[in-house]
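# A closer look at the structure
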Amino acid sequence: MRGLHAYSIVGVLLFVSVCCCFYGGQACLEDERKALLQLKDSINDYSNNATYSSLEDWVGEDYCQWVGVSCSNSSSHVIGIDLYGLRDPSFGVWYPNATLFAQFKELESLGLIYNQIGGWVMGEGFIQMKNLKELSLWGNMLNQSSKSLSGLCGLKNLQYLDLSYNNLEALPSCLLSNLSALEGLSLYWNHLKGDLPGLCSLKRLKTLDLTHNQLHDRSLPSCLGNLSSLEDLDLSINNLRNPIGISTGLCSLKRLKSLNLLGNQLDDRSLPSCLGNLSSLEVLILSSNNLRNPLGMSTGLCFLNRLTQLELGYNNLRSLPSCLGNLSSLQTLDLSTNNLTFTFAVSTGLCGLKRLTELYVPNNSLHDQSLPSCLGNLSSLQSLDLSENNLTFTFGISPGICKLKNLSYLNLRSNSIEGGIHPCMEGMHNLQELYLSDNRFTGKIPSFIFNNLMKINIIDLSNNQFMGVFSFSCFANLSQLSNVDLSNNMQLVVETQHPAWVPTFQLRYLSLENCRLNQLSTHTIPSFISTQLNLYHLNLGHNSLKGTIPSWLLYNTSGETLLLSGNLFEGLIPQSTHNTTSSVNFLDISENNLSEPLPTNIGTLFPQLNYFNLSKNILQGRIPSSMGQIKHLQVLDLSSNNLSGEMPHQLSKNCAQLVYLNVSSNRLQGDVLPIDAILTRLQYLLVSNNNFTGIIPSSLLNSPDLMILDMQKNTLSDTIPSWLFSLPKLVSILLGHNYFRGHIPIQLCQLSNLHTLDLSNNFFSGNIPSCLTNISSWKKTDQIQISYVYMNVTTFHPRPSTSFTTKGVTYFYMGLPFSLMTGIDLSMNQLEGDIPFQIGDLGQLYSLNLSNNLLTGYLPQSFQNLKSLESLDLSHNKLVGRIPYELSQLDSLGAFSVAYNNLSGKIPYEKALTTFGNDSYVGNPNLCGPPLERNCSLEIPSQPPRDEEKNSRVHDNPVIFYSFVGMSYGLGFWGVIGFLILNKNGRHKYFRVMDAYIDRSIEKLSEFRSYLKICCFK
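Everything numeric in this text was worked out from a predicted model, so none of it was measured.

### Considering the overall build of the protein
Looking only at helices and strands, the protein has 14 helices and 52 strands in total. Per-residue burial over the protein gives 50% buried out of 1018 residues. Surface summary for the protein: the accessible area is close to 46100 Å², and the carbon and sulfur share equals 52%.

This is how it looks when you write it as structure tokens:
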């Protein structure tokens, strides 16, 4: 009975404890659910987040199913919270209450990445989080308060801490010294530059990431060697030159496996000779430093027998240690962008790396003799990059490369390789990526080599000199093929239609531009493309393809980029046959023969467009108003067509993403833009050669980023509004051939970045502003920073171009010439007064045209400073005086005219001016000398002697003139005074003469007064 009683008591106690645990646990779980809801209310989440649409799914009892919440399988308590980017930036900085998280007693992992956190309310609440092991606060604003991190000092059991991207300048002294359990610390992308207090006390630390800070040599403590557990150290992108911490402490890190010093300022003396002591080191990254021929490499590097990855790219290395072959475990070697040529010793050492799988040597100075004959011995090599060197390979490709049977990646682009592709490539069965572009390959492409390359997925043979006929059907059985580029082989005929074949591949990228596609057969779009459902990039440009554009090409593929420019397509843009819309976002059909009106529903057909180029066709009709439905449109080019009507209101109001708008050379009329246009991102507005009327639209004030304004050859009128020059980024203003009037606003001089100004063929009057010297881009070299606007992909961008008349010819400038061109054209107006001599200070001006005005006065001698000037036209004015001799010193002049003025004297027919004939001087009756047939009289000197020139220039200078007056007065006055002081006899004689003169003057004055009295009395 006693035993039974005992068992009964135990059973009762067990039952009671289970009940208490169950009901108490339910209460705890309910508390955690409520705490999560409080956290949700505190965040103010937003619904447009890319990762978590919102926290609207945080409903119901089972919070373990809520997004971002992880629970224990045994207790159902919250053990993980991951809330990525849920704070709406419009709500400002978030200061969460730390006690909210302290309610989760079993919480082990907390992620609050990118949530605008600036600190904590009741930060001491972190002390209660005994189980927290991982805390990630990446991408917040913890630099807002010096106390924002102090609360974290209580997390005694924390093992991983990420404070990256917080702009921190310092850490609280308690943070590192208190977190003794820390194994991983990431401080990536901050502004740390001073000491890191407590760092050396982290005995358990295995990973330390200090990338992209401002650490200098003294920032790293000499006790760095105390981090005896450290395995991964990243100090890349700092300001390290010769850090004491590296040379005294680094070499003691016996367990270190990875060391990254990329992007510092290390030189040859920075690498310690004790580097070889890091016997566990497997990864060493020294790229982007100032290494040339580091002794540390030969004394320490070659003892790193466990090293598997060595990166030395983007230095200025001229050689490598011959002991390179000692790195018997090396698998990856990156030597990109140096000045390496490879000596025999280096080549021999390189060939000893039997385990090497990746070798990258692009952008060096390698030539054929640099490559060792033993290269084929690297039997483990899988990736080889020799691009951007000086290789020629007389026989197309070095046979040694063909011995690399395991090679999967081969890049030889941008060399000078000649001849044909070597047949031995047929045996490279493992090849997956082949890049031979931008070389000098000739002859036929040997199609048979592709029969055995069954693993190939990328083939790039573009920009070579291949010729003959190449049948695309040789790729038919390459089922892994995804990318093919045969573009810009202008003598190559690519045939896709014959013989009949069925592709086994699904391409993602296909470029057949400028390779005479189907020129021997149908001249049409390859039919096999209709089977390529994953094709995101297709370029068939400049192939003279004929016919109409098939509907399936626009609507039945998943393509994002479609380039059809430079062909002979006719008709119209087809409608969808199945009421589907196009997924294309980059569409270029320029330089074709499309002649029909644009579809009225074009905005519905192409809702995803970012880039749309239909220039240089024969399009008729109006611009459809539905174009305004393409919300993400950034680039629209409809130039050089036959479009009429007005600019659709919806386009300028709804397409707020527009950066580039070009409708020049059409028959458009009405206002350029409506008054309520909202083109806030517009940078290029090109509307020249139309029939636009009215004034410059004030809605351009909504486009603060406007760089180019081209309104030439319209019928715009009124004055130029002064507000136009408040747009600070304007670099080109082209308003020529309109009906503008009034004075040229002096506010023009506010545009310090202005490069080209064309106000020609208008009715401007008044003087030329003398403040043009305020425009700094005309005084010093200042290249325009052209923004390439298509989704930050520089391969695809509009090429901003403008027309500017210089040397008597209208040129179209684009690309680099456009960015460097500077010029002023004020011709064909009614400007009067003198030419401002200040224009002579515009030393970087390439073109100046002031012809056909009413300008008077002399040619400024200051023009001698226009050393960059290539075209100067001052003809058809009322200028007088001589042609300054200094103009003959302008060696860059390629066009020059002072015809039809009132100039006189002998032409300084020397140097630069000897290249110009009679037409440059005609219409000046008083000019003489070559090249005119009018002889000069002997009384007229050809030019003043050099001394007289100098003297005349000196006297013309106001400062020098008044200095001479002052000096003369001083010399005269003090000369007399000095003579009287130093010469006693002379002084007495001077005073006697002066006394006699005064007495005689008084006597004469008395006689004159007596005479006046007699006259008056009479």
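### Quick word on the sheet that holds strand β31 (residues 644–646)
The sheet built from three strands is open, its strands ordered β31-β33-β35 with parallel pairing. Two strands in the sheet have a free side with no partner beyond their single neighbour: β31 and β35 (691–692). Note: strand β33 (residues 667–670) against β35, two bridges, orientation parallel. Residue pairing in the sheet places G670 in a bridge with F692 of β35.

### What to know about the pairing of strand β49 (residues 878–881)
The pairing of strand β47 (residues 854–858) with β49 spans three bridges and is classified as parallel. The partner of Y858 across the bridge, within β49, is V880. Where β49 lies against strand β51 (residues 902–906), two bridges are found, and the strand directions are parallel. By the bridge assignment for β51, V880 is matched with N902.

### Quick notes on the state of the cysteines
All chains considered together, the criterion is met by nine disulfides. Each sulfur of the disulfide joining C64 and C71 lies 2.1 Å from the other. Around the S-S axis, the bridge from C64 to C71 shows a dihedral of about -100° and counts as left-handed. Through a disulfide, C251 is tied to C274; the S-S separation comes to 1.9 Å. Looking down the S-S bond of the C251 and C274 bridge, the torsion is 70°, so its handedness is right-handed. Placement of C251 in the loop between α4 (244–249) and β9 (258–260) and of C274 in the loop between β9 and β10 (283–285) is noted, with a sequence separation of 23 residues between them. By the burial criterion, C251 is buried, and C274 matches it.

### Structural notes on a positive patch on the surface
Among the surface-exposed residues, K206, R255, K257 and R306 lie close enough to one another that they form a single positively charged patch. Checked against the element boundaries, K257 lands in the loop between α4 and β9.

### Brief notes about the packing of aromatic side chains
Here the structure, examined in full by the defined rule, presents 25 aromatic pairs. Between Y165 and W189, the ring centres sit 5.2 Å apart and the planes meet at 10°, which makes this aromatic pair stacked. Remark: W189 occurs in the loop between β6 (184–186) and β7 (207–209) and Y165 occurs in the loop between β5 (160–162) and α3 (173–178); sequence separation between them is 24 residues. Take Y165: its relative accessible area is 29%, and that puts it in the partly exposed class. Its relative accessible area of 32% is what places W189 among the partly exposed residues. An aromatic cluster of at least three residues, connected via ring pairs, comprises F450, F470, F472, F475, W501, F505 and F528.

### A short note on the confidence of the model for the protein
In the predicted model, the protein carries a mean pLDDT of 86, and the fraction of residues at 70 or more is 83%. Low pLDDT (under 50) marks residues 787–797, which in the prediction has 25 contacts with non-local residues, meaning those over four places away or in another chain. For the stretch residues 938–956, pLDDT sits under 50, and the model shows 18 contacts to residues farther than four places along the chain or on other chains.

### Side note on the pattern of salt bridges
Counting across every chain of the model gives eight salt bridges. Here R440 and E418 are joined by a salt bridge, their closest N and O atoms 3.7 Å apart. Highlighted residues: R440 in strand β18 (residues 440–443) and E418 in strand β16 (residues 418–419), separated in sequence by 22 residues. Given the relative accessible area of 36%, E418 is considered partly exposed. Note that K729 and D705 form a salt bridge whose closest N and O atoms lie 2.9 Å from each other.

About the thresholds
Residues numbered from 1 in each chain as written. Predicted model: local features only at pLDDT ≥ 70, side-chain atom pairs only at ≥ 80, totals over all residues. Heavy atoms only, no water. Helix = DSSP H or I, 4+ residues; strand = E, 2+ residues; numbered from the N terminus. Buried < 20%, exposed > 50% of the residue type's maximum accessible area, 1.4 Å probe, protein only. Areas by Shrake-Rupley, 256 points an atom, 1.4 Å probe, with all protein chains shown as cover. Pairing = 2+ DSSP bridges. Disulfide = S-S within 2.5 Å. Patch = residues over 30% accessible without salt bridge, like charges linked within 9 Å, V, L, I, M, F, W, Y side chains within 5 Å. Salt bridge = Lys/Arg side-chain N within 4 Å of Asp/Glu carboxyl O. Lys, Arg positive; Asp, Glu negative; His and termini not counted. Charge placed at Lys NZ, Arg CZ, Asp CG, Glu CD. Phe/Tyr/Trp six-rings, centres within 6.5 Å; stacked < 30°, edge-to-face > 60°. pLDDT = per-residue confidence, 0-100. Contact = heavy atoms within 4.5 Å.

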